[in-house]
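What follows is the residue order along each chain.
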Amino acid sequence: MSFTILCTFVLTFYVVIWFFDSFFKSCMHYPYYAFLDGTGLKVGIFNFSWTTTACNRFIYRWSKNLNKILKKWFAFGYIFTIGIFLPFALWTLLSFIFEHFYETIQINSVPEVKAVLPGVNIPASDFWVYFLAIGFCSMFHEIGHAAAAAQEDVQLIAISVYVFTIIPIAFVQLNTEHLNSLTIAKKLKIYCAGVWHNIALAFLALLLFFSAPVLFSLVYQTDVGVRVTSFSHDSPLQGARGLEDNDVILSINDCTVKNYNDWSYCLRVAHDRFGICTSAEYIAQNDEIMMETIKENDVVECCRKDDLYGFCFEYMEPKTIVDSALPGQYSCLKPRDMIKGKLLKCTEPNGYTCPRNMHCLKPSLNNQTYLIIIERKDNNAVLYLGLPYDIHSSVFVDQYFPRSSIFSFFSPSQFEKLLRYIFIFSMGIGFINVLPCYGTDGHHIARSIIQWLAVYLNKNGDFITFFTVFTVVVGTGITVPILIYLFYRAIYIDGY
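Only a predicted model underlies this, so the values are computations on that prediction, with no experimental measurement involved.

(A) Here's a closer look at the overall build of the protein chain. Within the protein chain, the secondary structure is distributed over 14 helices and 19 strands. Against the 2.2 N^0.38 benchmark of 23 Å for 496 residues, the protein chain shows a C-alpha radius of gyration of 30 Å, more extended than a compact globule. Expressed along its principal axes, the backbone C-alpha trace of the protein chain runs to roughly 90 × 60 × 45 Å. For the protein chain, the residues scored as buried account for 42% of the 496 residues in total. Partitioning the contacts of the protein chain with sequence separation of at least 6, the portion at a separation of at least 24 is 68%.

So, in structure tokens, the structure goes:
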């Protein structure tokens, strides 16, 4: 599913619900409005929402039953949020600004910050996982506020879920009078509870992600390679001489692939240039070099133009052997035949050395092309000329092999994918909400901290108003343009 198809689907969905909403409001006015009031549904342009009070009593009882545990939980949470996560978020934001807008300043070890959009920098087919993950993270955030408010006997009016295009957002409505009557510390516990829940959820998802191979080890086998599950519509690896569904990949350029982490690592190191150790006997029997070699764009062509399978290789001189073939000599050979027995690499770090009676032959390629040799179980190796990124972005693999066919309908990889998105979105929601930006929890957190300072410094209400407005205006003025820039970059720069 491409980004265009996803946008068409979303547009069609909203046109349909807008049409029926308009139709029922015109033709079934009173019954339809009674239905909307009874269910809490509202339909708007590219958005709809649902409000309910059904969970209020359950949250209140649950919070009171776990009173002692939750008091310590939220007390620690607001200290962690203000003392550690808020400084971390501000440092990350400022580091991002300096690194991206001031070329003279280079900051190392800055966490990667980018917008995540289905069909742009993640597969559009992941839309439902994307939607579920961001919806769950948003709900868990608001449950934190609701439970913390119930701890302090603040009335919970309703819980709402608002969906704008493909982004679900949850929020709770609290009794403002009850909330404002609390002490500053108690208000901070409630305001920080959402961010604290996001941090806890993110680390729980991370823990489950790394534990998944152990948790599923009874019914799934791992560390035996990765299995090809599907391809993108434009994948260059499909075809008669490419990969096939259910192929088990064992290595890439002689880099052993046992699991998904190995798969990613081996594709990353596939950018390293290498040669193939080839026997002198094989070269003598199979060399089809032309009498005259041609050099175009710093690439030597020594095979006939109609030779579809031959490739030009350059002899690399081992640094430890003086009487070997000199660089600048070439041979035209078929790489598929060269690796039929076993791929034996020779690289520059090890001095391009090969066993006795073998030569190191490096493929003659430009700087944008790499020879990638993918070895499969019970099948011939696949040779690909191109970029490792093309393989990573167009071939989808699974590291889990069901021990019985009964479990073949489900793969823990889907569970891992959901956990990855939960971690990303939970940290993202927490990050945005802790910043002093208008409309976020950070707005209220900043105001409460300033109120605390005003009490400590014995300042009046004007001090609180001025510095709250100043902090929120500056925070909004920095955060909103950066968010716009991140989405612009994801769509128009990184998306190409």
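After that view, the rundown keeps rolling.
(B) Examining the state of the cysteines more closely. What the rule picks out here adds up to five disulfides. Across the disulfide from Cys302 sits Cys312; the S-S distance is 2.2 Å. In this structure the cystine formed by Cys302 and Cys312 twists about its S-S bond by roughly 120 degrees; its chirality is therefore right-handed. Of the two residues, Cys302 is situated in the loop between strand E11 (299-301) and strand E12 (311-316) and Cys312 in strand E12; the sequence distance between them amounts to 10 residues. Cys312 shares its class with Cys302; the two are buried.

(C) The arrangement of the side chain of Asp441 in detail. If you trace the backbone, Asp441 turns up in helix H13 (residues 441-457). No salt bridge forms around the buried Asp441; measuring N to O, its nearest opposite-charge neighbour Arg447 is 10 Å away. Separated by 2.9 Å, the side chains of Asp441 and His145 make a polar contact. With residues near it in sequence (within four places) discarded, Asp441 still touches His141, His145, Tyr191, Val195 and Asn433.

(D) Layout of the nonpolar core. In this structure, Val154, Leu156, Leu174 and Ile190 are the most contacted members of the largest nonpolar core, which totals 22 residues. Of all the elements in the fold, those that place two or more residues in this core are helix H4 (67-101), helix H5 (127-151), strand E3 (156-164), strand E4 (167-174) and helix H7 (184-215). Examining the composition of this core, we find that six residues originate from one element, H7, more than from any other. If we skip the residues at most four places from it in the chain, Leu174 touches Ala149, Val154, Gln155, Leu156, Ile157 and Ile190. Core analysis: the next-biggest nonpolar cluster, separate from the first, contains 21 residues, Phe127, Cys137, Val163 and Ala205 among them.

(E) Main features of the pattern of salt bridges. Per the counting criterion, the structure on display carries nine salt bridges. Lys334 is paired through a salt bridge with Glu288; the nearest N and O atoms lie 3.4 Å apart. Of this pair, Lys334 sits in the loop between strand E13 (330-333) and helix H10 (335-338) while Glu288 is found in the loop between helix H9 (280-286) and strand E10 (294-296), placing the two residues 46 residues apart along the sequence. For Lys334, a relative accessible area of 25% translates into the label partly exposed. Classification of Glu288 by relative accessible area gives partly exposed; the value is 31%. A salt bridge links Asp306 to Arg304; the shortest N-O distance between them is 3.2 Å. Among the charged side chains, a salt-bridge network with shared partners connects Glu288, Arg304, Asp306 and Lys334.

(F) Representation of the UniProt feature "transmembrane region" (unreviewed entry) in the protein chain. Following the UniProt record, the feature "transmembrane region" (unreviewed entry) maps to residues 5-24, 30-52, 73-98, 127-144, 156-175, 195-220, 418-435 and 463-488 here. Secondary structure within residues 127-144 divides into 100% helix and 0% strand; the distance between the first and last C-alpha atoms comes to 26 Å.

(G) Expanded view of the packing of aromatic side chains. Scanning all chains against the criterion turns up 35 aromatic pairs. Centroid distance Phe76 to Trp196: 5.5 Å. Interplanar angle 70 degrees. Geometry classified as edge-to-face. Note that Phe76 is positioned in helix H4 and Trp196 in helix H7, a separation of 120 residues in sequence. Arranged with centres 6.0 Å apart and planes meeting at 35 degrees, the rings of Phe85 and Phe88 form a pair that is tilted. In this pair, Phe85 and Phe88 are both assigned in helix H4, three residues apart and thus about one turn of the helix distant. Since its relative accessible area comes to 5%, Phe85 is described here as buried. Here Phe88 falls in the partly exposed class, since its relative accessible area comes to 31%.

(H) Focus on the environment of Ser230. Along the chain, the position of Ser230 falls in strand E6 (residues 226-231). For the pair Ser230 and Phe396, spaced 166 residues apart in sequence, the C-alpha to C-alpha distance is 5.3 Å. Discounting chain neighbours no more than four positions away, the residues touching Ser230 are Asp245, Ser394, Val395 and Phe396.

(I) Structural detail: the environment of Lys186. Locating Lys186 in the fold gives a position in helix H7. Spatially, the C-alpha atoms of Lys186 and Ala148 are 8.9 Å apart, while their sequence positions differ by 38 residues.

(J) Layout of unusual backbone geometry. Phi at Asp223 is positive, roughly 60 degrees, even though this residue is not glycine. Mapped onto the secondary structure, Asp223 falls in the loop between strand E5 (220-221) and E6. In this model, Asn246 sits at a positive phi of 70 degrees, which is unusual for a non-glycine residue. In this fold, Asn246 is placed in the loop between E6 and strand E7 (248-252). We classify Asn246 as exposed; its relative accessible area is 51%.

The rules behind each value
Residue numbers here run from 1 along each chain, matching the order of that chain's written sequence. Under the rules for a predicted model, residues below a pLDDT of 70 receive no local features and side-chain atom pairs below 80 are neither given nor counted, while totals for whole chains, interfaces and linings still include all residues. To get the side-chain values, all heavy atoms of the structure are used, and hydrogens and water are removed first. Runs of E in the DSSP output that reach at least two residues are strands. Runs of H or I that reach at least four are helices, and both are numbered from the N terminus. Restricting the calculation to C-alpha atoms gives the radius of gyration, and the globule rule supplies 2.2 Å times the number of residues raised to the power 0.38. Under the scheme applied here, a residue whose accessible area is under 20% of the maximum for its type counts as buried, over 50% as exposed, and between as partly exposed, the area being computed with a 1.4 Å probe on protein chains only. In what follows, a contact means two residues having at least one pair of non-hydrogen atoms within 4.5 Å. Put simply, a disulfide is two cysteine sulfurs that come within 2.5 Å. Counting rule for charge: Lys and Arg are taken as positive, Asp and Glu as negative, and neither His nor the chain ends is counted. We define a salt bridge as a contact between a side-chain nitrogen of Lys or Arg and a carboxyl oxygen of Asp or Glu at a distance within 4 Å. Residues adjacent in sequence count toward polar contacts only when both atoms are side-chain atoms; beyond that, a polar contact is any pair of N or O atoms within 3.5 Å, and within protein one must be able to donate a hydrogen and the other to accept it. Put simply, buried Ala, Val, Leu, Ile, Met, Phe, Trp, Tyr and Cys residues joined by side-chain atoms within 4.5 Å make one nonpolar core. UniProt positions are given in the numbering used here, feature names are shortened, and annotations may be inferred rather than shown by experiment. Ring pairs shown here join Phe, Tyr and Trp side chains whose ring centres sit within 6.5 Å, with only the six-membered ring taken for Trp; geometry is labelled stacked below 30 degrees between planes, edge-to-face above 60, and tilted in between.

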